[in-house]
Amino acid sequence: MKLSGALLILLGSLLTGRQYALSRRRELRSLTALCAALERMERELSARALPLPELIALLARETAAPATAFFTLLYERLSSLGERSFRALWQDAAQLALSMLSSRERDAFCELGAALGRYPLEQQTAAIRRCRDRLTARRDALAHSLKDDLRLGWGLSASLGFLLWILLI
Amino acid sequence: MDGWTRALRLLPEAYRIKLEQADGSAVEEIRLRSHRQPTLLICGKEQAFSDRLCREEDLQLVLEKASGASLHAVADMLKEGYLSVNGVRIGVCGTLLPSDTGGGFRRVSSLCMRIPRECRGIARGILPALRENSRGGTLLLSPPGGGKTTLLRECVRCLSDGGVRISVADERRELLGSDGGEGFDLGCHTDLLLGCGKAEGSIRLLRSMNPQLIAMDEVSSPRDLEAVRQIAGCGVGILATAHASDPAEMQRRPLYRELLSSGIFSLAVCIQGQGSERRYTLQRLET
């Protein structure tokens, strides 16, 4: 009985470590997808001055997850434009579809909604660039430290599991 | 969907609900001013329709809705002081950004939404004269808000259905009353160009569509005048509107004086009255 309890604890600890590793990888993938989407957004705005509904529909079709989920959600919500501001719709969609981001990066992304569609193109593209720079910095830092972080995460969870095992047996 | 319904769709919910049950047939404009009651323009008089004062956010929401949250996509129109969506022209007033940043607004203080209408039959009395002059130039005259565009739309429809090949560069999309989909009926022999200025568009139509008559809504700039000259020089008729009560008033403005002295226009239709009480007076023009 004791042995199986200890094994369960060890397994739980390892699963926690795995969960941590998965969440870090998901965050990295999300940041990569969002940076690519923002780059495309900036390019389309600069070159074609696309209206935002058209641009958002395009990005919903042609970006990777979770950017595609974010833009799809935002596009669906555009029907309530006029009742709610674009900024509020952008923030809602970001809160729902980008929960894997840390709050700092999500806030930076939410801020972008306040600049889009309201100002001259140059100011909009500058705001996109600022947001992309912040996400890129986070992505690069994450990519750089990912292996070490994962090793640390696995190590800590395994050590905790073994410690509990020893204590219990 | 009529112009009234299209205009209501752009309003903030609190005002839209208030107006949905109202009869909009006589409403010419909806006016929203920051920190004031919203009003309807009926027969030249403004009447408040809600006690709720208009907030700046309401005006921003209307603009966001009208532009699809993309003011950059309508910057050219905004520079001219208006925004046209589905034939509803929204005049915008407020504090401008410095012109080098694209002519947008720092703050919006007033909006004036003009309701487009189709009034069938209003041109019946003047049609024989228009047909007779369809190879020459005809001006439709009235002060702003006098019903020039509505009359022009009806004239185009009647002449076109009567067999005249007409081309129109609908710069503000007010004649068609839509952004390219189904709009007002402009007749079965009308070719419509959207998305470009009326002067450039008219010249393009002249070259490409072999029109018998070109319709222009509001001749108001030297470029328009130059386009009119080119069109007339090719033997194509012109049906145009201009801001003036009558030819005498036109003579007081240099651009229109030049237009009249060119001899291109030989007939003027002066629109008088307000609301549904409009009178159309024909006047021969002499150079």
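Up top you'll find the structure we're talking about.
Here the structure is a predicted model, which means the values were calculated and not measured. (Residues numbered from 1 in each chain as written. Chains lettered and ligands numbered in written order. Predicted model: local features only at pLDDT ≥ 70, side-chain atom pairs only at ≥ 80, totals over all residues. Heavy atoms only, no water.)

1. Regarding the overall build of chain B
Here is step 1: Summing up its helical and strand segments, chain B has 10 helices and 13 strands in all.
Here is step 2: By element, 46% of the accessible surface of chain B is carried by carbon and sulfur atoms, the whole surface being about 12,800 Å².
Here is step 3: Each charge class in chain B can be summarised by its mean position, and for the 38 positive and 36 negative side chains these summaries are 2 Å apart. (Helix = DSSP H or I, 4+ residues; strand = E, 2+ residues; numbered from the N terminus. Areas by Shrake-Rupley, 256 points an atom, 1.4 Å probe, with all protein chains shown as cover. Lys, Arg positive; Asp, Glu negative; His and termini not counted. Charge placed at Lys NZ, Arg CZ, Asp CG, Glu CD.)

2. So, the overall build of chain A
Here is step 1: Looking only at helices and strands, chain A features six helices and zero strands.
Here is step 2: Along its sequence from the N terminus, chain A presents helices and strands in the succession α-α-α-α-α-α.
Here is step 3: Against the 2.2 N^0.38 benchmark of 15 Å for 169 residues, chain A shows a C-alpha radius of gyration of 21 Å, more extended than a compact globule.
Here is step 4: Along the first, second and third principal axes, the C-alpha atoms of chain A reach 70 × 35 × 25 Å. (Rg over C-alpha atoms; globule rule 2.2 N^0.38 Å.)

3. Observations concerning the sheet that holds strand 1 (residues 27-33) of chain B
Residues and elements named next belong to chain B.
Here is step 1: Spatial strand order, 3-2-1-6-5-4: six strands in an open sheet with antiparallel pairing. Of all strands in the sheet, those with a lone pairing partner are strand 3 (45-48) and strand 4 (82-85), marking the two edges. The mean angle between the axes of side-by-side strands here comes to 25°, regardless of whether they run parallel or antiparallel.
Here is step 2: Alignment of strand 1 against strand 2 (residues 39-42), held across four bridges, turns out to be antiparallel. Following the sheet pairing, Glu 29 is matched in strand 2 by Leu 41.
Here is step 3: Packed onto the sheet, helix 3 (residues 56-67) meets strand 1, strand 4, strand 5 (88-96) and strand 6 (105-114) and runs at close to 70° relative to strand 6. (Pairing = 2+ DSSP bridges. Axes fitted to C-alpha atoms, helices over the stretch in contact; angles between N-to-C directions. Contact = heavy atoms within 4.5 Å.)

4. A closer look at the pattern of salt bridges
Here is step 1: Taken as a whole and assessed by the stated rule, the structure comprises 31 salt bridges over all chains.
Here is step 2: A salt bridge links A:Asp92 to A:Arg84; its shortest N-O distance comes to 2.5 Å.
Here is step 3: Residue class for A:Asp92 comes out partly exposed when judged on its relative accessible area of 22%.
Here is step 4: Under the relative-accessibility criterion, A:Arg84 is labelled partly exposed at 35%.
Here is step 5: With a shortest N-O distance of 3.6 Å, B:Arg89 and B:Glu174 are connected by a salt bridge. On the criterion of sequence distance, the pair formed by B:Arg89 in strand 5 and B:Glu174 in the loop between strand 8 (166-170) and strand 9 (190-194) is long-range, its members being 85 residues apart.
Here is step 6: Under the relative-accessibility criterion, B:Glu174 is labelled buried at 7%. (Salt bridge = Lys/Arg side-chain N within 4 Å of Asp/Glu carboxyl O. Buried < 20%, exposed > 50% of the residue type's maximum accessible area, 1.4 Å probe, protein only.)

5. Thoughts on the interface of chain B and chain A
Here is step 1: The interface is formed by 15 residues belonging to chain B together with 21 residues belonging to chain A.
Here is step 2: For the pair chain B and chain A, the summed buried area comes to about 1,400 Å², and 53% of that belongs to carbon and sulfur atoms.
Here is step 3: At the junction of chain B and chain A, the tally comes to one salt bridge.
Here is step 4: Here A:Glu83 and B:Arg16 are joined by a salt bridge, their closest N and O atoms 2.8 Å apart.
Here is step 5: Run the count over chain B and chain A and you get seven residue pairs in polar contact (both at pLDDT 80 or more).
Here is step 6: With four residues, the single largest contributor to the side of chain B that touches chain A is helix 3 of chain B. (Buried area = accessible area lost by both parts, 1.4 Å probe. Polar contact = N/O pair within 3.5 Å; in protein donor to acceptor, adjacent residues only side chain to side chain.)

6. Structural notes on the side chain of B:Ser50
Residue and element names in this part refer to chain B.
Here is step 1: Summarising the element assignment, Ser 50 is placed in the loop between strand 3 and helix 3.
Here is step 2: Overall, the relative accessible area of 8% leaves Ser 50 in the buried class.
Here is step 3: Sequence-distant contacts of Ser 50, defined by excluding residues within four places in its chain, comprise Tyr 15, Lys 18, Gln 37 and Pro 38.

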